[in-house]
Amino acid sequence: MIIAVDFGSTHTTMIAAEVVDDRVKVLSVVHGDDKEELVQNANDTLPTLPLKQTTLFRSRVQNGIVVQATDLSHQIIKMTKSMNDSLHLKKSERIKSMYVCINAKTMKCVKHTVMRSFSRSFEITDALLSEMENECRQSLTQDTIEVYHIIAVDYELDNKHFTTPPQQKGRNLQVTYHAVTGSKKIGKNIYEIFNRTAEIDFKNYKPLSMESIAEAVLSQEECDDGVALINFGATTTTLALYLNGQLETLLVVPLGSYNITKDLQSLEISESYAEKLKIKFGIAMESLVEQDPTIKIPSMIPNDPDVEVLKSYVAKIIEARLNEIFALIFEILKNNKNKIETGIVLTGGGSKLRGIDVFIEKKTGIKTTFGNHADKLTKNTDKKFADPFYTQLIGMCLLINNYREENPYSDTDVFILWKERLKELREKIKNTIVAKIPSLLSNDDNPI
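Residues numbered from 1 in each chain as written. Predicted model: local features only at pLDDT ≥ 70, side-chain atom pairs only at ≥ 80, totals over all residues. Heavy atoms only, no water.

J.: Is there a simple way to explain the environment of Asn-372 in this structure?
T.: Within the secondary structure, Asn-372 is located in the loop between β18 (368-370) and α11 (391-406). Considered as a pair, Asn-372 and Ile-213 are 159 residues apart in the sequence and their alpha carbons are 10.0 Å apart. The contacts of Asn-372, once residues within four sequence positions are left out, are Ala-216 and Val-217. A polar contact is formed between the side chain of Asn-372 and the backbone nitrogen of Ala-374, at a distance of 2.8 Å. (Helix = DSSP H or I, 4+ residues; strand = E, 2+ residues; numbered from the N terminus. Contact = heavy atoms within 4.5 Å. Polar contact = N/O pair within 3.5 Å; in protein donor to acceptor, adjacent residues only side chain to side chain.)

J.: Would you mind showing me how to read the confidence of the model for the chain here?
T.: Fine structural detail should not be taken from predicted coordinates in areas where pLDDT scores are low. Looking at the chain, the pLDDT average stands at 87 and 88% of residues meet or exceed 70. A low-confidence stretch, residues 35-57 (pLDDT under 50), is modelled with 58 contacts involving residues beyond four sequence positions or located in other chains. (pLDDT = per-residue confidence, 0-100.)

J.: What exactly am I supposed to notice about the nonpolar core here?
T.: What tends to happen in soluble globular proteins is that the nonpolar side chains get buried as a cluster. One finds Phe-7, Ile-76, Met-98, Met-107, Phe-194, Leu-218 and Leu-229 to be the most contacted residues of the largest nonpolar core, which totals 47 residues. Met-107 has contacts with Ile-102, Tyr-148, Val-180, Thr-181, Gly-182, Ile-186, Leu-208, Leu-250 and Val-252, leaving out every residue within four places of it along the chain. Among the nonpolar cores identified, the runner-up in size contains 39 residues, and Val-309, Ile-318, Ile-329 and Ile-366 belong to it. (Core = buried A, V, L, I, M, F, W, Y, C linked by side-chain atoms within 4.5 Å. Buried < 20%, exposed > 50% of the residue type's maximum accessible area, 1.4 Å probe, protein only.)

J.: Please clarify how unusual backbone geometry should be interpreted in this entry.
T.: The phi dihedral of Asn-159 falls on the positive side, at around 70°, and the residue is not glycine. Within the secondary structure, Asn-159 sits in the loop between β8 (145-157) and β9 (160-162). Take Asn-159: its relative accessible area is 69%, and that puts it in the exposed class. Its identity is not glycine, yet Glu-268 carries a phi of approximately 70°, on the positive side. Mapping Glu-268 onto the fold places it in the loop between α6 (257-264) and α7 (271-281). Of the residues examined, Glu-268 reaches a relative accessible area of 43% and is grouped as partly exposed.

J.: Is there a simple way to think about the packing of aromatic side chains in this case?
T.: Aromatic ring pairs are defined here through the distance separating the ring centres and the angle between the ring planes. Taken as a whole and assessed by the stated rule, the structure comprises 10 aromatic pairs. Between Phe-118 and Phe-122, the ring centres sit 4.4 Å apart and the planes meet at 10°, which makes this aromatic pair stacked. Take Phe-122: its relative accessible area is 31%, and that puts it in the partly exposed class. Just above the ring of Phe-281 sits the side chain of Lys-280; from NZ or CZ to the centre is 5.5 Å. (Phe/Tyr/Trp six-rings, centres within 6.5 Å; stacked < 30°, edge-to-face > 60°. Lys NZ or Arg CZ within 6 Å of the ring centre and 35° of its normal.)

J.: Mind showing me how you'd approach the sheet that holds strand β2 (residues 12-20) here?
T.: The strands that make up a sheet pair up through hydrogen bonds in the backbone, lying either parallel or antiparallel. Within the open sheet, the five strands sit side by side as β3-β2-β1-β6-β11. Their pairing is mixed. The two strands at the open ends of the sheet, each matched to only one other strand, are β3 (23-31) and β11 (201-202). Here eight bridges tie β2 to β3, and the two strands are oriented antiparallel to one another. Residue pairing across strands places Ala-17 opposite Val-26, the latter belonging to β3. (Pairing = 2+ DSSP bridges.)

J.: Before we go on, may I ask you to explain a nonpolar patch on the surface in this structure?
T.: Together, Leu-425, Ile-429, Ile-433, Val-434 and Ile-437 make up an exposed nonpolar region whose accessible area comes to about 440 Å². Inspection of the secondary structure puts Ile-437 in helix α12 (residues 414-441). For Ile-437, a relative accessible area of 35% corresponds to the partly exposed category. (Patch = residues over 30% accessible without salt bridge, like charges linked within 9 Å, V, L, I, M, F, W, Y side chains within 5 Å. Areas by Shrake-Rupley, 256 points an atom, 1.4 Å probe, with all protein chains shown as cover. Salt bridge = Lys/Arg side-chain N within 4 Å of Asp/Glu carboxyl O.)

J.: For this particular structure, what's the right way to read the packing of helix α9 (residues 327-335) against helix α10 (residues 356-364)?
T.: For any two helices packed against each other, one specifies the crossing angle of their axes together with the interaxial distance. Relative to each other, α9 and α10 sit at 50°, their axes nearing to 10 Å. Taken together, α9 and α10 sit at an angle that is classed as oblique. The handedness of the crossing between α9 and α10 is right-handed. Across the interface between the two elements, Phe-330, Leu-333 and Lys-334 from α9 touch Phe-359, Ile-360, Lys-363 and Thr-364 from α10. In terms of residue class, the contact of α9 with α10 is made up of four nonpolar, one polar and two charged. (Axes fitted to C-alpha atoms, helices over the stretch in contact; angles between N-to-C directions. Parallel < 35°, antiparallel > 145°, perpendicular 65-115°, else oblique. Left-handed = near helix turned anticlockwise from the far one by under 90°. Nonpolar A, V, L, I, M, F, W, Y, C, P; charged D, E, K, R; others polar.)

J.: When you look at the pairing of strand β16 (residues 307-310) in this model, what are you seeing that I'm missing?
T.: For a regular strand, the rule is simple: side chains alternate between the two faces of the sheet. Alternating positions in β16 separate cleanly, Val-307 and Val-309 being buried on one face and Glu-308 and Leu-310 remaining unburied on the opposite face. As paired strands, strand β15 (residues 294-297) and β16 are joined by four bridges and run antiparallel to one another. For Ile-295, the partnering residue across the bridge sits in β16 and is Val-309.

J.: Just checking my understanding: could you explain the packing of helix α4 (residues 209-217) against α11 for this structure?
T.: Closest axis-to-axis distance for the α4/α11 pair is 7 Å, and the angle between their directions is 90°. By the angle between their axes, α4 is roughly perpendicular relative to α11. Residue-level contacts link Ser-209, Glu-211, Ser-212, Ile-213, Glu-215, Ala-216 and Val-217 of α4 to Thr-391, Gln-392, Gly-395, Met-396, Leu-398, Leu-399 and Asn-402 of α11.

J.: Sorry, what's going on with the pattern of salt bridges here?
T.: Between side chains of opposite charge, a pair can form as their charged atoms come close. If you walk through the whole model with that rule in mind, you get 12 salt bridges. The shortest N-O distance in the salt bridge between Asp-263 and Arg-321 comes to 2.6 Å. With a gap of 58 residues between them, Asp-263 in helix α6 and Arg-321 in helix α8 (residues 311-325) connect regions that are remote in the sequence. Residue classification places Arg-321 among the buried positions, given a relative accessible area of 14%. Put simply, Glu-308 and Lys-296 hold a salt bridge, and the shortest N to O gap is 4.0 Å.

Encoded structure:
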């Protein structure tokens, strides 16, 4: 069973799942209490809701970086207890650790090359490649910068290129890496969450959020042909550009759909009603508005008359913010347009905004579709988990399962690993003794 948690800017979600035949079987999901209940019924008419001045989202995580470690620690303890109860786990089976993924505004993908030259032909060994990868990691690590993900994308041995480590000898080796770097606060603050919990820890393996999403909605063929994956979140919008099967570019913009909500507050309405207005009447472009009704919303100022606004004006506010959010992303996409054969795949909570795909396609001239991970779920998994809200968690489960298969002992709980090795040792001792009994019995000089 896999236990994974997503620390989003507007939510904390924990999942328990199994991977069966490369598909995720969701066993249970527990949600944190980050979001106010006001927007749960998004299809209700605006005037029927009670006026609430409270903010929609709590600032436990800002732009992917944990800022309320103590608060999140209490939440993790509470959520873990709920998960233990929902899974009906015995005391000895209760959750002791879980996986987390990372994504934050400071993260980016950088290219780095490490070279080795030898006086004579030298065999390319795993030890040598590990040494070169460590050199890459150390070169990019600074006082405030950490390397969170690193992958070798090209090997050049004596002027010949290889996509996988060359199984031969040579004199001059050059390895090109794509490394994802970011502020040390990202990992440090996650550590602080679990450091405050006595019985719960996090696993060493921490997949990237965008790699998790890519695993859920992209195929290897799409990555080989060139594809741009955009995750339009609440407080961050992330671009992951895959070329020749590898992560080529990672850009995290510290703006998201929540910024649209804040902009709509300029209409002198509460944050809660601004979110409701975006969900029910929002559209990505003013030109996409076919009918232009007047919308009435209770004013944020007590005893003032309702605020009246045209749907087209709401779209105008949204489009202005979208232009700002996607400015840098569009610049990268336009520079790589000829390499992106598959097109753009859009996901994240913000992708539910009506017309967002049309907006992106018109601005870039690149075909834009929505990511779908429904085919990565088992048939008996509830269809509600096909919602984009769960894309990252589903992808995490797939990556974690792959990692476990490739590294069966490297990320196992210490206690479980100790029990497994003790069991192996007992079996080895038993087999050794049994094998020697016949010879001992036949030897009069060695009585038992």
